[in-house]
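Coordinates in review
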Amino acid sequence: MEENKTEDKKLENLLRIKSKENFEELCSGCGVCEAFCHATHYDTEGKAKSAIRISDENFPVPGGYKCAVCNQCGKCARECPADAIKKVGNIYKIDDDLCVRCTAPGTGHPICVDVCPTRAIYTHKDQLTPIKCDGCGTCVEMCPKGALEYVFKKLKADTENIPQQPKEVPK
Amino acid sequence: MKGYAGEILRVNLSTKEVKKEKLDENLARIHLGGRGLATRIAYDEIPSDADPLSPGNKLIMASGPLSGTRVPASGKTDFVAKSPLTGGYGSSNVGGHLAEEMKFAGYDAIIIEGASDKPCYLYIDDDKVEVRDASQYWGLGSITGEKKFKDDLGNDFQIAVIGPAAENLVKYSCISHDFGRNAGRAGMGTVMGGKKLKAIAMRGSKSLEVHDKQALDKVVKTMFEECMKHPELKAWQIWGTSGVTKWCSSTINAFPTKNFSMGHFEHDEKLRAEVMREKMNKHGKACGMCPMACGQYSYSKKHNITVEGPEYETIALMGGNLGITDIEDVAYLNYVADELGLDTISTGNIVAHVIEAYKKGKVTDTQLDGLKLDWNATSEIAALMDRIAHRRGFGNLLANGVKYVSKILGTEEYAMHVKGTEISGYESRRRGSMKLAYGTCNVGGHHNDAWAITYDVAKGDKKAEKVIELQHIRPGFDALGACRLPWVELGIKIDYYLEALNAITGFNFSMDDLMKAYERNFNLMRMFWVKHVAGFDRKQDQVPERWYKEEESKVRPDEPIVSKKEYNELLDKYYKLRGWTKKGVPSKKKLKALGLDFAIKDLKREK
C-alpha cells in the first residue's frame with residue numbers, strides 16, 4: 001500500500017488522484033473540480049469534458065456525493081487496440097494521434113471506456129479521443145472542501161526527501 | 001456572442017410548439033441576464049389584464065452571463081412571472097445546478113407560455129426539446145418526483161419540479177430543485193401548476209466560449225483564493241445560514257417569534273447552528289461553483305427524515321415564528337413543506353397567523369376540524385400544511401395567502417405581509433432601513449432586494465440611500481446569475497464580478513455601466529407593478545400595522561419603534577432619491593434616463 005508518510009511529493013511521483021476516505025462527509029457537490037478540470041484542458045468553460053465526475057445518485061436518501069476519477073490502474077492501456085494509452089511517469093495518458101476511436105462490440109463505447117473498472121473514462125461528441133485524468137492536480141488544488149488528495153509513490157529509504165506539498169502544479 | 005448560450009427557448013404549452021429564438025444582444029447588454037432579462041421579457045410579453053393563473057401569464061426562467069463559468073457561486077437561476085400571490089411582479093431564484101445545465105444545453109432563458117390541458121413536463125436534452133406527458137408524475141411530492149424523473153431520464157438530468165401544493169394552485173408554492181432547494185417566493189411554482197407543467201428536465205453537453213479566457217482564469221482564481229482564505233469561510237461551510245439564528249434572536253432581536261409578536265425567542269438556544277450540526281448534520285450541499293457550500297444536508301433521527309436544511313429563513317418562520325423548541329421538529333416541518341412544495345417562509349407566516357387568530361377566537365374549532373393548533377404543536381402544524389397543500393377544509397382558505405385570509409377572518413392588524421407576500425425572517429419594528437427594504441421590495445415582504453438590517457444595527461443614518469444601493473447590487477447578482485453571499489459575507493468585491501463579466505462577455509463595462517444596468521432593472525420591476533396594478537402607489541409600500549406597536553415582550557427599550565410618520569418620511573426621501581413621484585411611481589424623466597422609454601406608455605394606468 002502506498003501511504004503518505006515517506007513518499008516524495010512531486011508530481012513525477014504522483015500515482016493517482018483519489019477522493020479522501022471521508023469523501024462523503026466532505027464533498028458538497030459544488031462541481032468546482034469538474035469545471036476546473038474542463039477549463040484547464042480546453043479553451044472553453046464547461047463541465048462536459050471533465051475527467052472527474054461528481055454524482056448525486058445517492059439523493060435524496062441517504063445523500064452523500066460520489067466521485068469517479070481514474071485510479072491509474074492501466075487496464076485501459078492494456079486493452080487499447082491501438083496501443084494509444086501510454087504510461088508517462090505513473091500516469092496513463094491517451095495519445096490523441098494514436099487513438100482510433102474504436103468501438104467495443106455491443107455497447108458503442110470505445111474499449112477503454114467499457115473496460116474501465118471505475119467508470120472514469122468519458123466520451124464527448126465534439127471529439128474522437130476519450131477523456132481521462134492526466135493527473136494535472138487542478139481538481140485537488142481547487143476543491144473548496146479538501147475532499148480530494150494526491151497519492152504519491154513511496155520511496156524506498158531516501159530520508160533526504162522531506163514530505164512537502166507539490167510546489168509546481170501545471171494549471 | 002460570447003459568454004451567453006445565444007438562444008432563448010419559447011415553449012407554448014397550449015399548442016405544444018417549441019421555438020428557438022436568437023438572444024438579442026442589445027437586451028443582454030442592457031439587462032445582463034437572469035432576473036434582469038427575465039423581467040424585461042415578462043414586462044414586454046405579459047398583458048396587464050392577464051390573470052396569473054391563466055394561459056396568458058408567462059413563466060420566464062433565466063440564467064445569467066456568469067452561469068456555467070467558474071465564477072464562484074455562479075449557480076443561480078431566476079424565475080419571473082406575474083405573481084398569483086400578489087397579482088404584481090413575481091420573481092424567485094434557486095441555486096443548485098439548473099443555470100449551468102440550461103446554458104450547457106444551449107439556452108439563456110426559457111419562456112413558458114399558454115397552458116396544457118393535461119399534466120406535462122418539458123424535456124430538454126441539448127437541441128432535443130419536447131413537451132411530454134406527465135400523468136405518471138402528477139401528484140408526486142417534489143422530492144419524490146425529482147427522484148423519479150432522475151430515475152426515468154438519467155441521473156445527469158437537472159430537474160425543476162413542483163409538488164402537490166402547486167398542482168392544487170396554492171398561491172405560495174415553490175419550484176423545487178436539487179432535493180430541497182426552492183424558488184420559493186411569490187408563487188412561481190403556482191404558475192407552473194396553472195399551466196399543468198409538472199417539471200422542466202434538462203441536460204446539456206455543450207461548452208461556453210468566453211471573450212477572454214486568460215483574464216477570466218486570473219479573476220476567478222483570485223476570487224477563489226480570497227474566499228478560501230477568509231476567516232468566516234469555515235463557519236459558512238459547517239453551519240450555513242443556520243449560523244444566523246443566534247445572532248438574529250439573541251444579539252439583534254430580529255428573530256420572528258410567534259407571528260412577529262416578538263423579536264427574541266426565549267428557546268432560541270435549541271434552534272441554533274451548533275445544536276443542528278450536533279444533532280443532524282450529514283454533509284454540506286453546495287450550489288454550482290460555490291466554495292461556501294452553505295446548504296446543510298441533515299438527517300433527523302427523531303422523525304427519520306432526510307432534508308436539505310433547515311436554512312435560517314425556515315428556522316425563523318417555521319421555528320421561532322411557530323414557537324417550535326426542537327430543531328429536529330423544524331427539520332421535519334421543512335421536510336413536509338419541501339415534499340408538498342410549499343414555501344416555508346409564507347407557510348410559517350400564515351400558520352403563525354392562524355395560531356394567533358385561533359387563540360384570539362377568530363378561528364373556530366369547527367374550522368380546524370379536530371386540529372389542536374398551538375405554538376410548538378409540530379404534528380398539528382404538519383397536518384394543517386397537508387390540508388393547505390391539498391386545499392382540504394380550512395386549508396382551502398389558507399391556500400390564498402395571509403393577506404386574503406386576514407381579510408376574511410378580520411385579523412388584518414396582525415397579518416404580516418407587504419403587497420400580499422408574507423414577510424420573511426427579520427422582525428423590523430425598530431429597524432428603519434429594513435422596514436423600508438421590505439416596504440419597497442419588488443416581490444413584497446422579502447429581504448432579497450435589500451437586506452439592510454445590518455445597517456440599522458450599525459446605526460447608519462443614510463437609510464434610504466443604503467436601501468437603494470442594496471436594491472441595485474443584490475438584484476444585480478440575480479441578473480448576473482450569481483449568488484450574492486460571497487459578496488455579503490466574505491467581502492468578495494463587486495470589481496471582481498465586473499472584471500469577470502467583461503472577461504466572459506467582452507462588454508467592456510465600467511462600474512457605472514454595471515450600476516446603471518442594475519438601476520434600470522430595478523425600475524423595470526417597479527414598472528411591472530405600475531403596468532399591472534391599476535392605481536399602484538405608496539399604499540402598496542406600507543408595512544404591517546403590527547410593526548408600529550410594541551412587542552409582547554420588549555427587549556430593546558433603547559431603540560424606539562420607527563413610527564408610521566417616520567416611515568412615510570423615509571419613503572418620501574427614498575422616492576425623491578430614486579427620481580420617482582410622491583406616489584412612488586418612476587417619473588417619465590427617470591425612465592428616459594434609464595433607456596426605459598418603452599415603459600412610459602404604461603404610466604397612464606397611474607390614477
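Note on numbering: residues in each chain are counted from 1, in written sequence order. Each chain takes a letter, starting from A, and each ligand takes a number, starting from 1, following the order in which they are written. In keeping with the predicted nature of the model, local features appear solely for residues at pLDDT of at least 70, side-chain atom pairs appear and are counted solely at 80 or more, and the whole-chain, interface and lining totals rest on all residues. The side-chain figures draw on all heavy atoms in the structure; neither hydrogens nor water molecules are used.

1. Let's talk about the sheet that holds strand β13 (residues 281–285) of chain B
Residue and element names in this part refer to chain B. At least two DSSP bridges between two strands are required for those strands to pair. Only DSSP runs of H or I covering at least 4 residues are called helices, and only runs of E covering at least 2 are called strands; the numbering of each starts at the N terminus. Here we have 3 strands laid out as an open sheet, ordered β13-β14-β15, and antiparallel in their pairing. Edge strands, defined here as strands with exactly one partner in the open sheet, are β13 and β15 (305–308). Mean inter-strand twist for the sheet, computed between neighbouring axes without regard to direction, equals 20 degrees. By the bridge criterion, 4 bridges tie β13 to strand β14 (residues 295–300) in an arrangement that is antiparallel. Considered in β14, the bridge of N281 is made with S298. Packed on one face of the sheet, helix α10 (residues 273–280) meets β13 and β14 and runs near 55 degrees to β14. Whenever a helix is involved, its axis is fitted only over the stretch in contact; in every case the axis is a line through C-alpha atoms, and angles between N-to-C directions fall within 0 to 180 degrees. We call two residues contacting when some pair of their heavy atoms lies within 4.5 Å.

2. Some words on the packing of aromatic side chains
Residue and element names in this part refer to chain B. Stacked, edge-to-face and tilted are the three classes for Phe, Tyr and Trp ring pairs, Trp counted by its six-membered ring, which pair at centre distances within 6.5 Å; planes under 30 degrees apart are stacked, over 60 edge-to-face, the rest tilted. Counted according to the given criterion, the structure contains 27 aromatic pairs over all chains. Ring geometry for F477 and Y497: centres 4.8 Å apart, planes at 85 degrees, overall edge-to-face. You can see F477 sitting in helix α20 (residues 463–480) and its partner Y497 sitting in helix α22 (residues 494–505), a full 20 residues away along the chain. Accessibility assignment for this pair places F477 and Y497 in one class, buried. On the numbers, 6.5 Å between centres and 10 degrees between planes, the contact of F522 with W580 is stacked. Only protein chains enter the accessibility calculation, which uses a 1.4 Å probe. A residue is then buried if its area is under 20% of the maximum for its type, exposed if over 50%, and partly exposed in between.

3. Section: the interface of chain B and chain A
Listed per partner, the contact involves 38 residues of chain B and 36 residues of chain A. Accessible area that two parts lose when put together, with a 1.4 Å probe and added across both, is what the buried area reports. Three residues stand out in chain B for area buried against chain A, namely R70(B), K213(B) and H283(B), and they jointly supply 18% of the buried area on that side. We define a salt bridge as a contact between a side-chain nitrogen of Lys or Arg and a carboxyl oxygen of Asp or Glu at a distance within 4 Å. Run the count over chain B and chain A and you get 4 salt bridges. The shortest N-O distance in the salt bridge between D56(A) and K150(B) comes to 2.9 Å.

4. So, the pattern of salt bridges
Any two side chains of opposite charge can pair, so long as their charged atoms come close to each other. Residues and elements named next belong to chain B. Under the counting rule described, the total for this entry stands at 54 salt bridges over all chains. Of the charged contacts, one joins R10 and E21 as a salt bridge, the two residues approaching to 2.6 Å between their closest N and O atoms. In this pair, R10 sits in strand β1 (residues 7–12) while E21 sits in strand β2 (residues 17–22), placing the two residues 11 residues apart along the sequence. On the accessibility criterion, R10 (11% relative accessible area) is buried. With a shortest N-O distance of 3.9 Å, K147 and D151 are connected by a salt bridge. Linking K147 with D151, this pair stays in helix α4 (residues 142–153), spanning 4 residues, or about one helical turn. What makes K147 partly exposed here is its relative accessible area of 21%. We classify D151 as exposed; its relative accessible area is 52%.

5. A look at unusual backbone geometry
Among all residues save glycine, negative phi is the norm, and among peptide bonds the norm is trans. Omega for the peptide link from F59(A) to P60(A) comes to 0 degrees, which places this bond in the cis form. Among the structural elements, P60(A) can be located in the loop between β2 (53–55) and β3 (66–68). Unlike most non-glycine residues, D126(B) shows phi in positive territory, near 55 degrees. For D126(B), the location among the structural elements is in the loop between β7 (120–125) and β8 (128–133). A relative accessible area of 9% places D126(B) in the buried class. Of note in the backbone geometry, N304(B) takes a positive phi value of approximately 50 degrees without being a glycine. Note that N304(B) resides in the loop between β14 and β15.

6. Concerning the layout of surface pockets
The gaps of empty space that remain are located by a probe, the size of a water molecule, rolled over the atoms. Detection works on a 1 Å grid of protein atoms alone, calling trapped sets that fit a 1.4 Å probe cavities and calling open sets with protein on both sides within 12 Å along at least five of seven lines pockets, with lining residues defined by an atom within 4 Å of a point. Grid points are joined across faces, edges and corners, and a volume is the space filled by probe spheres set on the points. Volume-wise, the largest pocket comes out at about 1,200 Å³. Taken together, 38 residues form the lining of the largest pocket, with E34(A), R53(A), I54(A), Y122(A) and D156(B) sitting closest to its centre. For this classification, Asp, Glu, Lys and Arg are treated as charged, while Ala, Val, Leu, Ile, Met, Phe, Trp, Tyr, Cys and Pro are nonpolar and the rest, including Gly, are polar. A class-by-class count of the residues in the lining of the largest pocket yields 10 nonpolar, 12 polar and 16 charged. Among the secondary structure elements, those contributing two or more residues to the lining of the second largest pocket are α17 (402–409) and β16 (417–418) of chain B. By residue number, the principal contributor to the lining of the second largest pocket is α17(B), which donates 3 residues. Taken together, the residues that form the lining of the second largest pocket break down as 7 nonpolar, 6 polar and 8 charged.

7. Thoughts on the environment of L340(B)
Residue and element names in this part refer to chain B. As for its placement among the helices and strands, L340 is situated in helix α12 (residues 327–340). Its relative accessible area of 7% is what places L340 among the buried residues. With 263 residues separating them in the primary sequence, L340 and L603 have C-alpha atoms 40 Å apart. Those residues in contact with L340 that lie beyond four places of it in its chain are G163, P164, A165, M385, D386, A389 and H390.

8. What about the domain arrangement of chain A?
Residues and elements named next belong to chain A. Domain boundaries assigned for chain A yield domain 1 (13–69 + 133–151) and domain 2 (72–118). For each domain, the first and last residues come from an automatic or database assignment. A separation of 21 Å is found between the C-alpha centroids of domain 1 and domain 2. Listed by partner, the interface residues are 9 residues for domain 1 and 6 residues for domain 2. Taken together, both faces of the contact between domain 1 and domain 2 bury some 530 Å²; the carbon and sulfur share is 50%. One can count 0 salt bridges joining domain 1 with domain 2. Any pair of N or O atoms that falls within 3.5 Å is considered a polar contact. Within protein, one atom must be able to donate a hydrogen and the other to accept it, and sequence-neighbouring residues count only if both atoms are side-chain atoms. For the pair domain 1 and domain 2, the number of links is 2 residue pairs in polar contact (both at pLDDT 80 or more). Among the elements that make up the side of domain 1 that touches domain 2, the one with the highest residue count is strand β1 (residues 14–19) (3 residues). A breakdown of the residues in the side of domain 1 that touches domain 2 according to their chemical character gives 5 nonpolar, 2 polar and 2 charged.

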